[in-house]
Amino acid sequence: MGTLIEIKNLTKDYKLGQLTVHVLKGVSFTIERGEFLSIMGPSGSGKSTLMNILGCLDTPTSGSYTLEGIRIANLGRDQLAEIRNKKIGFVFQQFNLLPRTSAAENVELPLMYTDLPARERHERAKRALLAVGLAERGEHQPSQLSGGQQQRVAIARSLVNNPSILLADEPTGALDSKTGVEIMSIFQELNRKRGITVILVTHDPDIALYSSRSLHLKDGKLQLDEKQKEPRDAALDLQRMPREQEQEEMVQP
Amino acid sequence: MNPIVASNRIALRALRVNRMRSALTMLGIIIGVAAVIAMVGVGAGATERIQQQIQSIGSNLLIVLPGSLSTNGVRLGSGAVATLTQDDARAISSECSSVAVAAPTVRGGVQVVYGSSNWATTAQGVTPDYVTIRDYSMSLGDFFTTQDVDSAAKSAVLGETVAKNLFGETDPTGQVVIIKNVPFTVTGVLTPKGQSPTGQDQDDVILLPISTATQKVLGVNKANAKAVGAIMVQARSPNEIGVAMDEIQGLLRERHRILPGTDDDFTIRNLKEVFEAQETSAQVMSILLGAIASVSLVVGGIGIMNIMLVSVTERTREIGLRQAVGAKTRDILLQFLVEAVTLSIVGGIVGIVIGLTTSALISYFAQWSTKVSLLSIGMAFMFSALVGVFFGYYPARKAAFLNPIEALRYE
C-alpha cells in the first residue's frame, strides 16, 4: 500500500495578542494509502487545526508533514493551492456549494483552476456526479436539491480532480441520521472500490464506527490510535433502515 | 484552461447573477462617460464654430487703417485721418514680397432702393482682389471686373441679406438698384458667410467698384481723391504675416515720408490674433467642461470600488471555497479585477452611446453645434477601463489574500 501521509512532532501555536495558545502539542502518526480514518475529539482538542494542516490550508508551527513524499511545512500560498487542487478533495459540514450555480458547474469548480479543456471538464464532472448517484441532477441548482443531495454534489466536487485524499469535516453534521448513513455509504464505497483514502473529522462516535481506524485527540495531543477490525457497513445499515421508516409511516397515518 | 479566460467566465457569471446590482454600479460610469463625451462635444463644437468664423474673415489677413493712435502727441483713433490712398495699396501689392494681394476699400452707410422696397446697408467700394482676400464666392452671377473699376462702371454685387430684403426670391442679377439716385446694375450675389466673430452680419453689404463708390456714392474726399478707408492685405502664408507687417510698415513710412522717431500715420492690425484669443478661451472652456465631467467618472469609479468591497465581503465563503479547491492568489485577483473592469468597460460603452445621443440632442434642441471626436470617445473609453482597474484592484487584492480557513468559516 505505501505511506501516504507522515506526520512527525507536529505543533501549531496561535497568537492571541500577548498570549500564545498551543493548539497542537507534538502529534505524530502515519496514514497508509487506502485507509478510512476518523479523527475524533471534543471541541478545542485541535482536530480542526489538524484537519486544516492535513488539507494544506494551514502550515504547522514546527514538526514535519509529508504528503506523498512532498514536505508541506515550508510551502507558500500558491504552492499549497496547487497541492490542494491536485491531491485533496474537501467535503464540508455546510456543503459550501455556490448558490445559483448548477450542480454540474459546482462539481466542475476545482477543474476551473487546471489546464483541462472545457470538454474534458464537463466529462469529468458528469462522471463524478454519476459516481454519487446524481447523474440526472446536473442542471439542478443547490436550492432545488435536498441536504443529502447537496452533500453528494459536494462529494462529487471533491472527487472530480482524482485526489489522493478526501478530507471530510463533519460531513454528516447538517444532515438527519438516515441521510448521514447514506453519505457514509458513499464514502465507504469510494474507499473500497476506488481505494481513495478518506479522512473523516467528527465528534460523533456513531459516525466514527464506519471508519477502520480512529485517532482520538485531546488537548492537542494524540490520546488514542485504535484500529477497528470490523467497521460498520453503511450500505447494510441502509437496507435495514427503510423498514423502520415504513413502520413509522404505518404508525402515523 | 487559460486562467484569464477562466477568470472571465467566472466573473461574467457573478455579474449575470447579480444583474440589478451590476446595472446600478455601471450607472455611475455610464453617467460619467456620457457627461465627458457630451461636455467635450459641446466645447469642441464651440471651438470649431469660432474656427469657421475665423476662416470666414479670410485667411492670413491684415488690415491697414489710416491714422494712428497718436499724431503729434494728440491721440486720435485709427481711421481718424485719411492718410491711405489707392496708390499705397498698389505699392504694397507690388513691392512687398510677402504680400499676396492688397485691396483698398472704402465704406459708408447707404440706402438701397429697388422698385418700391428699400434697405439700409453698408456700401463697400472694393476691387476684385477683395474677393480673393475675403475668400468670397458667388452664389449668383459674377463679380465686377478690374475694367469695371477702371471705368467706374455702375455695377453692384449684393450680399445675401440685401438680396433677400430687396428681391425676395427673385433673381437680382441684371436688375437695377438705386443708391443716392445713381442706378447700379446688379452683376451678382455673394455666397453667404454668416456672422463674423464679433457678431456682425457679413452678408448685409453691397459691394461697388471703388472708383464708382468714391466718386458717386460715398463722396469725394476733397483733400485726397484717392483716399481709402482701409487696405486689406493678404500675406502669402500664415508664417509670413509678421514679415508682411514689417514690410508694409517700412514701405508706408517711406511713402508717407515719416521721419525716424515719429509715429506711424497708419495702423496695421492682424485680425486673426484677436480671434485666436477667442478660440483659446473656447478651448479652455472645453477642457474645463471635460474636467468637471471627469469628476463624475471618478465618482463612478468609487461606486465600483464600494460595490466590489461589498461583493468581496459577501462572497467570503465562496472565495474560501475557491481557495480550498485550488484557486491561486492570481486566480482570485483576476476574477474580481475582471468583474470590476467589465463593469467599467460595459458602463463606458453604454456611456459613449448615451453621450453621443445627448450631444446630438443638445445640438438639435439648443441649436449649439457639438462635435464629438473619435479621440474623445477613445479617451473616455480608456479612462473608464482604467477607472475599473484602479478602483477594482484594492478589493480584488483584498479577496486574493484572504486566509482560506477564516474565509471558509465566515458567516
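What you see is a predicted model, and the numbers here were worked out from it, not measured in a lab. (Residues numbered from 1 in each chain as written. Chains lettered and ligands numbered in written order. Predicted model: local features only at pLDDT ≥ 70, side-chain atom pairs only at ≥ 80, totals over all residues.)

Comments concerning the overall build of chain B
- The secondary structure content of chain B amounts to 13 helices and ten strands.
- The globule rule puts the C-alpha radius of gyration for 411 residues at 22 Å, and the 34 Å found for chain B is more than 25% above it.
- Taken along its principal axes, the extent of the C-alpha atoms in chain B is 105 × 55 × 35 Å.
- Burial statistics for chain B: of 411 residues in total, 43% are counted as buried.
- A fraction of 81% describes how many contacts in chain B between residues 6 or more apart in sequence connect residues 24 or more apart. (Helix = DSSP H or I, 4+ residues; strand = E, 2+ residues; numbered from the N terminus. Rg over C-alpha atoms; globule rule 2.2 N^0.38 Å. Buried ≥ 20, exposed ≤ 12 C-beta atoms within 10 Å, placed from the backbone. Contact = placed C-beta atoms within 7 Å.)

A closer look at the overall build of chain A
- When you go through chain A residue by residue, the secondary structure sums to eight helices and ten strands.
- Against the 2.2 N^0.38 benchmark of 18 Å for 253 residues, chain A shows a C-alpha radius of gyration of 19 Å, consistent with a compact globule.
- When the backbone C-alpha atoms are referred to their principal axes, chain A occupies close to 60 × 45 × 40 Å.
- Out of the 253 residues in chain A, the part that is buried amounts to 44%.
- Long-range contacts, defined as pairs at least 24 residues apart, comprise 69% of the intrachain contacts of chain A with a sequence gap of at least 6.

Brief notes about the environment of K398 of chain B
- Along the chain, K398 of chain B falls in helix α12 (residues 374–400).
- For the pair formed by K398 of chain B and L309 of chain B, sequence separation is 89 residues and the distance between their alpha carbons is 8.4 Å.

Brief notes about the confidence of the model for chain B
Residues and elements named next belong to chain B.
- Scored by pLDDT, chain B has a mean of 84; 93% of the residues are at 70 or more.
- Mean pLDDT across the elements of chain B bottoms out in helix α1 (residues 3–17) (76) and peaks in helix α10 (residues 316–324) (93).
- This complex was scored by the predictor with a pTM of 0.70 and an ipTM of 0.91. (pLDDT = per-residue confidence, 0-100.)

Here's the deal with the packing of helix α3 (residues 86–95) of chain B against helix α8 (residues 241–255) of chain B
Residue and element names in this part refer to chain B.
- Two elements in contact, α3 and α8, have axes separated by 10 Å at closest approach and are oriented at 135 degrees. The angle between the axes of α3 and α8 places the two elements in the oblique class. Here the hand of the crossing between α3 and α8 comes out right-handed. Contacts from D88, A91, I92 and E95 in α3 reach I248, L251, L252 and R255 in α8.
- Residue composition of the contact of α3 with α8, by class: five nonpolar, no polar and three charged. (Axes fitted to C-alpha atoms, helices over the stretch in contact; angles between N-to-C directions. Parallel < 35°, antiparallel > 145°, perpendicular 65-115°, else oblique. Left-handed = near helix turned anticlockwise from the far one by under 90°. Nonpolar A, V, L, I, M, F, W, Y, C, P; charged D, E, K, R; others polar.)

Quick look at the sheet that holds strand β2 (residues 19–32) of chain A
All names here are of chain A.
- With antiparallel pairing, the four strands of this open sheet are ordered in space as β2-β1-β4-β5. Whereas interior strands pair on both sides, the edge strands pair on one side only; in this sheet they are β2 and β5 (70–71).
- Taken together, the two bridges between strand β4 (residues 62–67) and β5 define a ladder with antiparallel strand orientation. Paired with T66 across the strands is R71, a residue of β5. (Pairing = 2+ DSSP bridges.)

Observations regarding the domain arrangement of chain B
- According to the domain assignment, chain B consists of domain 1 (3–53 + 277–409) and domain 2 (84–255).
- A straight line from the C-alpha centre of domain 1 of chain B to that of domain 2 of chain B covers 56 Å. (Domains from an automatic or database assignment.)

Description of the interface of chain A and chain B
- Counting residues at the interface gives 21 residues for chain A and 17 residues for chain B.
- The biggest single contributor to the side of chain A that touches chain B is helix α2 (residues 77–87) of chain A, with six residues.
- A breakdown of the residues in the side of chain A that touches chain B according to their chemical character gives eleven nonpolar, three polar and seven charged.

Quick notes on the nonpolar core
- A156 and V198 of chain A are the most contacted members of the largest nonpolar core, which totals 120 residues.
- With 15 residues, the single largest contributor to this core is helix α2 (residues 19–57) of chain B.
- Apart from residues lying up to four places away in sequence, A156 of chain A is in contact with V107, A128, L129, A131, V132 and L134 of chain A.
- Formed by 50 residues, the second largest nonpolar core is a distinct cluster that contains V157, L158, V189 and V205 of chain B. (Core = buried A, V, L, I, M, F, W, Y, C linked by C-beta atoms within 7 Å.)

Brief notes about the sheet that holds strand β9 (residues 213–218) of chain A
Residues and elements named next belong to chain A.
- Spatial ordering of the open sheet is given by β6-β7-β8-β3-β9-β10, a layout of six strands whose pairing is mixed. Among the strands making up the open sheet, the edge pair consists of β6 (88–91) and β10 (221–227). Averaged over all neighbouring strand pairs, the angle between strand axes comes to 20 degrees, with direction disregarded.
- Most of the contacts of helix α6 (residues 177–194) go to strand β8 (residues 197–202), to which it runs at about 150 degrees, and overall it touches β3 (36–40), β7 (165–169) and β8.

Describing α8 of chain B
Residue and element names in this part refer to chain B.
- Spanning 15 residues, α8 covers 21 Å between terminal C-alpha atoms, matching the ideal 21 Å at 1.5 Å per step.
- By the burial criterion, the buried members of α8 are A244, I248 and L252. The arc that holds the buried residues of α8, viewed along the axis, is 55 degrees, so those residues lie on one side. Residues of α8 that are exposed and point more than 90 degrees away from the buried face comprise G242, D246, G250 and E254.
- In the core, the buried residues of α8 are packed alongside β1 (61–66), α3, β2 (99–114), β9 (230–235) and β10 (266–270). (Expected span 1.5 Å × (residues − 1). Arc of directions from axis to C-beta.)

Quick notes on the confidence of the model for chain A
- Chain-level statistics for chain A give a pLDDT mean of 89 and a share of 95% at 70 or above.
- Segment residues 246–253 of chain A is flagged for pLDDT under 50; beyond a separation of four residues in sequence, or across chains, it makes zero contacts in the model.

Comments concerning helix α4 (residues 118–131) of chain A
Residue and element names in this part refer to chain A.
- Between the first and last C-alpha of α4 there are 20 Å, a value that for 14 residues agrees with the 20 Å anticipated at 1.5 Å per step.
- Among all positions in α4, only R121, R124, A125, A128 and L129 are buried. Buried residues in α4, looked at end-on, bunch into an arc of 140 degrees, giving them a common side. The exposed set on the far side of α4, more than 90 degrees from its buried face, consists of R119 and E123.
- Against the buried residues of α4 lie α3 (103–108) and α5 (147–159).
- Within two residues after α4, G133 carries a phi angle of roughly 75 degrees, on the positive side.

A few points about the packing of α5 of chain A against α6 of chain A
Residues and elements named next belong to chain A.
- Orientation of α5 relative to α6, taken along the N-to-C sense of each, is 20 degrees, at an axis distance of 10 Å. If you check the angle between α5 and α6, you find them roughly parallel. Where α5 crosses over α6, the two elements pack in a sense that is right-handed. The residues of α6 that touch α5, namely those facing G147, G148, Q151, R152 and I155, are T179, E182, I183 and I186.

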